[in-house]
Amino acid sequence: MTAPLVGVLGAGGAVGRAVASGLGGGGPRGNGLEPGHGREPGYRLRLGGRDPRRTAELTARITAGITAGIGPPAQTVVVDAADPERLAEFCQGCDVVVNCAGPSRSIGATVARAAQEAGAGYVDAGGDEQLRHQMAGAGPAVLAAGLSPGLSGLLPRWLAGRLGEPARRLRAWCGGLERFTPAAAADMVASLGSAPGGHGESMAAWRAGAPASHALTALHDAVVPPFPGRVSAYPYLSLETQRVAGELGLVEVDWYHVIAGRQTLATLNELRTTGDRSARDCLQAGTRLVAAAELDLAGLRPYQVMVLELQGASRSQTLTLRAADGYRLTAAVVVAAVDAVLNGSVPAGAHQAADVLDPDDVVARLTASDAVTVLQVTPGPAGAAVEEGVL
């Protein structure tokens with residue numbers, strides 16, 4: 001039986017390479033990103049990239065057998081999402097098309113439409129509510145299959161299933177020190193100018209079962225264990241978090257995005273605007289963010305940390321996740337989404353990853369990934385978890 005063909009657009013980028021490795025290293029019954037752990041044979045891959053040089057380098061690495069999880073049968077194609085004819089050719093014959101290219105807000109709808117016209121399922125590491133509504137009659141499609149949104153919605157659901165009583169309050173601190181790819185930086189810049197309420201609200205929290213504007217303030221130059229050193233933490237109530245809070249019946253949610261790099265923080269503050277930028281402007285401004293993150297990382301290792309403290313009426317527990325980088329965490333969610341589309345567990349239409357993927361399955365993949373250095377649940381509040389030496 002011929003294995004399904006999965007097309008990965010943006011395969012030359014950080015997320016795309018990790019996704020290709022995960023898809024090539026194991027099929028729909030696999031439970032991790034690393035090949036060679038009793039997993040089923042991988043999917044057939046069609047890997048697309050916009051940059052001919054990087055695509056040629058990927059081809060050479062596959063041919064030489066030095067790209068983990070990707071075998072020589074993988075096809076590599078130079079394709080630009082802005083070229084409708086080449087994009088249609090890329091999607092033709094695929095069982096699923098995965099978009100790891102960016103900026104996702106600029107090209108997501110274009111790639112999704114091409115996948116739909118080719119009769120393929122669709123998975124996007126990005127994607128927002130607007131794209132989900134645009135694809136309402138299509139599918140199956142899984143959007144926002146990333147770190148945040150994505151894991152940020154799946155992990156609270158998983159933790160709630162282990163509490164042993166109804167959850168009432170959630171506190172979360174997520175972020176770290178990381179490189180930006182040009183696409184990720186452009187998406188970040190685009191989000192800075194989004195209209196309030198479009199994707200979430202800064203300084204807002206969840207109170208008495210509903211969003212509450214200006215309920216929290218930012219923390220500057222603060223000590224926030226288990227993040228090393230001094231960091232800044234910005235409250236943000238996303239639409240994803242609101243859906244999770246409503247589903248779990250939470251009374252309160254405080255969610256903070258943590259930024260460890262001073263140069264990154266300064267650049268983000270400079271780039272904030274009340275208006276939306278064009279895709280070209282986002283890409284140009286994103287180069288400043290890429291450079292700032294590199295300065296912050298000088299002599300340091302990147303990391304991502306997620307700390308979720310969930311409280312019920314009589315008990316609490318804390319999940320601590322630490323990873324070498326966020327891109328492989330995103331890849332774990334993308335691979336889980338591809339598997340779910342191909343095994344028929346995603347219904348017709350477009351869905352956010354946090355709303356349709358199995359949290360137990362995703363956590364099993366994270367546990368198997370060598371990108372994750374800590375994934376542990378401890379009883380009690382977040383402070384107790386740090387005192388017990390989780391990190």
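Just above, that's the structure.
What counts as what
Residues numbered from 1 in each chain as written. Predicted model: local features only at pLDDT ≥ 70, side-chain atom pairs only at ≥ 80, totals over all residues. Heavy atoms only, no water. Helix = DSSP H or I, 4+ residues; strand = E, 2+ residues; numbered from the N terminus. Buried < 20%, exposed > 50% of the residue type's maximum accessible area, 1.4 Å probe, protein only. Contact = heavy atoms within 4.5 Å. Areas by Shrake-Rupley, 256 points an atom, 1.4 Å probe, with all protein chains shown as cover. Pairing = 2+ DSSP bridges. Axes fitted to C-alpha atoms, helices over the stretch in contact; angles between N-to-C directions. Salt bridge = Lys/Arg side-chain N within 4 Å of Asp/Glu carboxyl O. Parallel < 35°, antiparallel > 145°, perpendicular 65-115°, else oblique. Left-handed = near helix turned anticlockwise from the far one by under 90°. Nonpolar A, V, L, I, M, F, W, Y, C, P; charged D, E, K, R; others polar. Phe/Tyr/Trp six-rings, centres within 6.5 Å; stacked < 30°, edge-to-face > 60°. Lys NZ or Arg CZ within 6 Å of the ring centre and 35° of its normal. Expected span 1.5 Å × (residues − 1). Core = buried A, V, L, I, M, F, W, Y, C linked by side-chain atoms within 4.5 Å.

Some details on the overall build of the protein
- The number of helices and strands found in the protein is 14 helices and 17 strands.
- Looking at the protein as a whole, 53% of its 391 residues are labelled buried.
- Expressed as a percentage of contacts within the protein between residues at least 6 apart in sequence, the contacts between residues at least 24 apart total 72%.
- Split by element, the accessible area of the protein, about 16,600 Å² in all, is 51% carbon and sulfur.

Overview of the side chain of threonine 330
- Its place among the elements puts threonine 330 in helix α11 (residues 326-342).
- The residues contacting threonine 330, other than those within four sequence positions of it, are Val15, Ala125, Ala145, Gly146 and Leu147.

Digging into the sheet that holds strand β2 (residues 44-49)
- Spatially, seven strands are ordered β3-β2-β1-β4-β5-β6-β16 in an open sheet, and the strand pairing comes out parallel. With partners counted over all chains shown, the strands left at the sheet margins are β3 (75-78) and β16 (350-352), one partner each. The mean inter-strand angle of the sheet, taken between neighbouring strand axes irrespective of direction, is 20 degrees.
- Looking at chain direction, β2 and β3 are connected through four bridges and run parallel. Across the sheet, the residue bridging to arginine 46 is glutamine 75, located in β3.
- Contacts from helix α2 (residues 52-64) reach β2 and β3, with the element oriented near 170 degrees to β3.

Let's talk about the pairing of strand β15 (residues 316-323)
- Within β15, seven of the eight residues are buried, leaving the element largely enclosed by the surrounding structure.
- With eight bridges joining them, strand β14 (residues 303-311) and β15 adopt antiparallel strand pairing. Looking across to β15, one finds that glutamine 304 is bridged to alanine 323.
- A loop of four residues connects β14 with β15, the two strands running antiparallel in sequence.
- Inspection of the sheet shows β15 paired to strand β17 (residues 372-379) by seven bridges, in the antiparallel sense. Considered in β17, the bridge of threonine 320 is made with glutamine 376.

Focus on the pattern of salt bridges
- Summed over the entire model, instances satisfying the criterion amount to 18 salt bridges.
- In this structure, glutamate 309 engages arginine 171 in a salt bridge whose closest nitrogen and oxygen atoms are separated by 3.0 Å. One end of the pair, glutamate 309, is in strand β14; the other, arginine 171, is in strand β7 (residues 169-177), and 138 residues separate them in sequence.
- Judged by its relative accessible area of 1%, glutamate 309 falls in the buried class.
- Residue arginine 230 is joined to aspartate 221 by a salt bridge in which the shortest nitrogen-to-oxygen separation is 3.3 Å.
- Taking the relative accessible area as the measure of exposure, aspartate 221 reaches 37% and is therefore partly exposed.

Examining the packing of α11 against helix α13 (residues 359-368)
- Orientation of α11 relative to α13, taken along the N-to-C sense of each, is 135 degrees, at an axis distance of 10 Å. Classed by the angle they form, the pair α11 and α13 counts as oblique. Classified by chirality, the crossing of α13 by α11 is right-handed. Along the contact surface, α11 presents Leu329, Ala332, Val335, Ala336 and Asp339, while α13 presents Asp361, Val362, Arg365 and Leu366.
- Looking at the contact of α11 with α13, its residues break down into six nonpolar, no polar and three charged.

Notes on unusual backbone geometry
- Omega for the peptide link from serine 148 to proline 149 comes to 0 degrees, which places this bond in the cis form.
- On the secondary structure map, proline 149 appears in the loop between β6 (141-143) and α6 (151-160).
- Residue proline 226 follows proline 225 across a cis peptide bond; omega there is 10 degrees.
- Relative to the elements of secondary structure, proline 226 occurs in the loop between β11 (219-222) and β12 (231-238).

Re the packing of aromatic side chains
- In this structure the tally under the stated criterion is zero aromatic pairs.
- Taking the ring centre of tyrosine 303 as reference, the NZ or CZ of arginine 322 above it sits at 4.7 Å.

A few points about helix α10 (residues 279-297)
- With 19 residues, α10 should reach 27 Å at 1.5 Å per residue; the first-to-last C-alpha distance of 27 Å fits that figure.
- Within α10 the residues assigned to the buried category are Cys282, Ala285, Gly286, Leu289, Ala292, Ala293, Asp296 and Leu297.
- Of the surrounding secondary structure, the elements contacted by the buried residues of α10 are β7, α7 (182-192) and α9 (262-271).

Remarks on the nonpolar core
- One finds Leu47, Val98, Val123, Leu151 and Leu357 to be the most contacted residues of the largest nonpolar core, which totals 67 residues.
- Ranked by residues supplied to this core, first place goes to α11 with 12 residues.
- Once residues within four sequence positions are removed from consideration, valine 123 is found in contact with Val96, Val97, Val98, Asn99, Val142, Ala145, Val334, Ala337, Val338 and Val341.
- With 23 residues, the next largest nonpolar core counts Ile107, Val111, Ala112 and Ala138 among its residues.

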